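# Breakdown of the fold
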Amino acid sequence: MAINSLAGSFSESIIGIVGLGHLGHSLAVPLIKNGLRKDRLLISHKGSEDTRRRAVELGLGSCLTDTASLMASADIMIIATRPQDVLSLPSSALKPGSLVISCMAGLPLDLLKTIFRGDVMRMMCSGPDTILGGRGIATTFPADPRAEAVLHMMGLRVFDSSFEEELDSFTVGICIPAILLNICADERDVRDAVGGMMERYPVYKKLWGWIREISPACSGLGSDDRRASLENVSTKGGITQAMMDALLEGDSFSLAIQRGMHRGREITDTIRKDLAVASKRAV
Ligand SMILES: NC(=O)c1ccc[n+]([C@@H]2O[C@H](COP(=O)([O-])OP(=O)(O)OC[C@H]3O[C@@H](n4cnc5c(N)ncnc54)[C@H](OP(=O)(O)O)[C@@H]3O)[C@@H](O)[C@H]2O)c1
């Protein structure tokens, strides 16, 4: 579908983006560039002055609002905060009938449904540099035509995930190009590791094609740009960081991938415990 008709397909909907960090800004910018009217986009963040300034510099100042107002108004909202911040979101303010698209790595649907209580789905996409460079990819679980239209309007190619763990495996895979730019990995080790993932997760066939497609384009980057690319794809305390730590400690690429998958589960366990404590307090 052409981008103009996509803009038309949700021209009456309000899109909200919660969080304007590395990922949030790389999703907001193409939406506006591809024709979403600014009065249809709401953006909130935690309150950092740097982030507010950045929003203004990007021409998104008029979209800024507080998170509770965003949640009460948006028809489709994209959660682009760190998973560790999910419990600070005013989820009870959600507009009835709205769709919540979580980009938070690791957080499973059952936990998200407990927190948001509405129509919730997960989305995972490649890092900001790839999105802003027009080479971004994404996957969703479960699939939803409204989300797919929004992702296409962001210029993202959407790959299918047929089960939730496949989306988690994708989360690990999208970190690989930026990691390879910054670490000297044995080619065979990488291929074996990815081959192992391909056997379990069909989405890796397309993901591997994408990795090979973008790697030559990135190989000409200077060392500062390589580091920046890694920083942009690394959420503090997240999956990329866990994979890099493993590789720097001398683990194989396969083990680094497993460490990335494990980190997602660790984050979830912590949030489940925090949620249980918060629910007990509320009783
Ligand atoms: N980076 C990537 O390549 C990538 C790719 C796919 C998925 N993800 C996922 O996307 C999420 C964000 O990652 P990131 O790297 O963009 O993180 P980040 O750069 O740390 O940005 C987090 C953003 O969340 C905002 N925030 C925190 N608490 C909030 C609240 N209560 N209400 C509204 N906004 C709030 C922060 O606001 P302030 O700026 O005011 O502090 C900040 O703008 C993570 O869950 C990550 O797993 C990231």
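Quick caveat: nothing in here was measured; it's all calculated off a predicted structure. (Residues numbered from 1 in each chain as written. Predicted model: local features only at pLDDT ≥ 70, side-chain atom pairs only at ≥ 80, totals over all residues. Heavy atoms only, no water.)

Bringing the packing of helix α8 (residues 164-173) against helix α14 (residues 253-282) into the picture now. Contact pair α8 / α14: the axes reach a minimum separation of 9 Å and the direction vectors enclose 120°. Classified by the angle their axes make, α8 and α14 are oblique. Crossing of α8 over α14 shows right-handed handedness. Contact residues: α8 offers Glu165, Asp168, Ser169 and Val172, while α14 offers Ile257, Gly260 and Met261. (Axes fitted to C-alpha atoms, helices over the stretch in contact; angles between N-to-C directions. Helix = DSSP H or I, 4+ residues; strand = E, 2+ residues; numbered from the N terminus. Parallel < 35°, antiparallel > 145°, perpendicular 65-115°, else oblique. Left-handed = near helix turned anticlockwise from the far one by under 90°. Contact = heavy atoms within 4.5 Å.)

Let's shift gears to the environment of Asp186. Within the fold, Asp186 resides in the loop between α9 (176-182) and α10 (187-200). What makes Asp186 partly exposed here is its relative accessible area of 48%. (Buried < 20%, exposed > 50% of the residue type's maximum accessible area, 1.4 Å probe, protein only.)

As a further point, take the pattern of salt bridges. Enumeration over the complete set of coordinates arrives at 16 salt bridges. Taking the shortest distance from any N to any O, the salt bridge between Asp50 and Arg53 comes out at 3.3 Å. Taken together, the positions of Asp50 and Arg53, both in helix α3 (residues 49-57) and 3 residues apart, correspond to about one turn of that helix. Judged by relative accessible area, Asp50 falls into the exposed class, the value being 54%. The shortest N-O distance in the salt bridge between Glu213 and Arg157 comes to 2.9 Å. Of this pair, Glu213 sits in helix α11 (residues 203-218) while Arg157 sits in strand β7 (residues 157-160), placing them 56 residues apart in sequence. Linked through salt bridges whose partners overlap, the residues forming this network are Asp119, Asp144 and Arg146. (Salt bridge = Lys/Arg side-chain N within 4 Å of Asp/Glu carboxyl O.)

Of all hydrophobic cores here, the largest spans 37 residues; its most connected members are Phe170, Ile179, Tyr204, Leu207, Met243, Phe253 and Ile257. Taken together, the elements giving at least two residues each to this core come down to β6 (137-141), α8, α9, α10, α11, α12 (223-233), α13 (239-248) and α14. Here this core takes 7 residues from α11, the largest share from any one element. A domain split of this core shows at least three residues from each of domain 1 (3-160) and domain 2 (164-270). Leave out the neighbours within four places in its chain, and Tyr204 touches Ser169, Phe170, Val172, Gly173, Val194, Met197 and Met198. (Core = buried A, V, L, I, M, F, W, Y, C linked by side-chain atoms within 4.5 Å. Domains from an automatic or database assignment.)

Here the focus is the sheet that holds β6. With mixed pairing, the 7 strands of this open sheet are ordered in space as β2-β1-β3-β4-β5-β6-β7. In this open sheet, the two edge strands, each paired with only one partner strand, are β2 (41-44) and β7. Adjacent strand axes in the sheet meet at a mean angle of 25°, parallel and antiparallel pairs treated alike. As paired strands, strand β4 (residues 99-102) and strand β5 (residues 119-125) are joined by 4 bridges and run parallel to one another. From the neighbouring strand, Ile101 faces β5, where its bridge partner is Met121. Where helix α2 (residues 22-33) meets the sheet, its contacts fall on β1 (15-18), β2, β3 (76-79) and β5, and the angle it forms with β1 comes to roughly 155°. Packed onto the sheet, helix α5 (residues 109-116) meets β3, β4, β5 and β6 and runs at close to 130° relative to β5. (Pairing = 2+ DSSP bridges.)

Right, let's get into the domain arrangement of the chain. According to the domain assignment, the chain consists of domain 1 (3-160) and domain 2 (164-270). One C-alpha centre belongs to domain 1, the other to domain 2; they are set 23 Å apart. Facing 28 residues of domain 1, the contacting portion of domain 2 comprises 27 residues. Area buried by domain 1 at its contact with domain 2 is led by Arg122, Arg135 and Phe159, which between them contribute 21% of it. The interface formed by domain 1 and domain 2 holds 3 salt bridges in total. (Buried area = accessible area lost by both parts, 1.4 Å probe.)

A word on α8. Most of α8 is tucked away, with 8 of its 10 residues classed as buried. Considered for burial, the residues of α8 that qualify are Glu164, Glu166, Leu167, Ser169, Phe170, Thr171, Val172 and Gly173.

Our focus in this paragraph is the environment of Met243. Relative to the helices and strands, Met243 is located in helix α13. In this structure Met243 comes out as buried when scored by relative accessible area, which is 0%. For the pair Met243 and Glu187, spaced 56 residues apart in sequence, the C-alpha to C-alpha distance is 16 Å. In this structure, Met243 is in contact with Val172, Cys175, Ile176, Ile179, Ala256, Ile257 and Gly260, ignoring residues within four places of it in sequence.

When β6 meets β7, the two strands line up parallel, connected through 4 bridges. The partner of Thr139 across the bridge, within β7, is Phe159. Considered for its hand, the β-α-β crossover made up of β6, helix α7 (residues 145-153) and β7 is right-handed. (Right-handed = clockwise from strand over helix to strand, strands pointing away.)

Okay, the side chain of Ser234 next. Along the chain, the position of Ser234 falls in the loop between α12 and α13. Owing to a relative accessible area of 18%, Ser234 belongs among the buried residues under this scheme. At 2.6 Å, the side chain of Ser234 and the backbone oxygen of Leu230 are in polar contact. If near-sequence neighbours (up to four positions away) are discounted, Ser234 is found in contact with His22 and Thr240. (Polar contact = N/O pair within 3.5 Å; in protein donor to acceptor, adjacent residues only side chain to side chain.)

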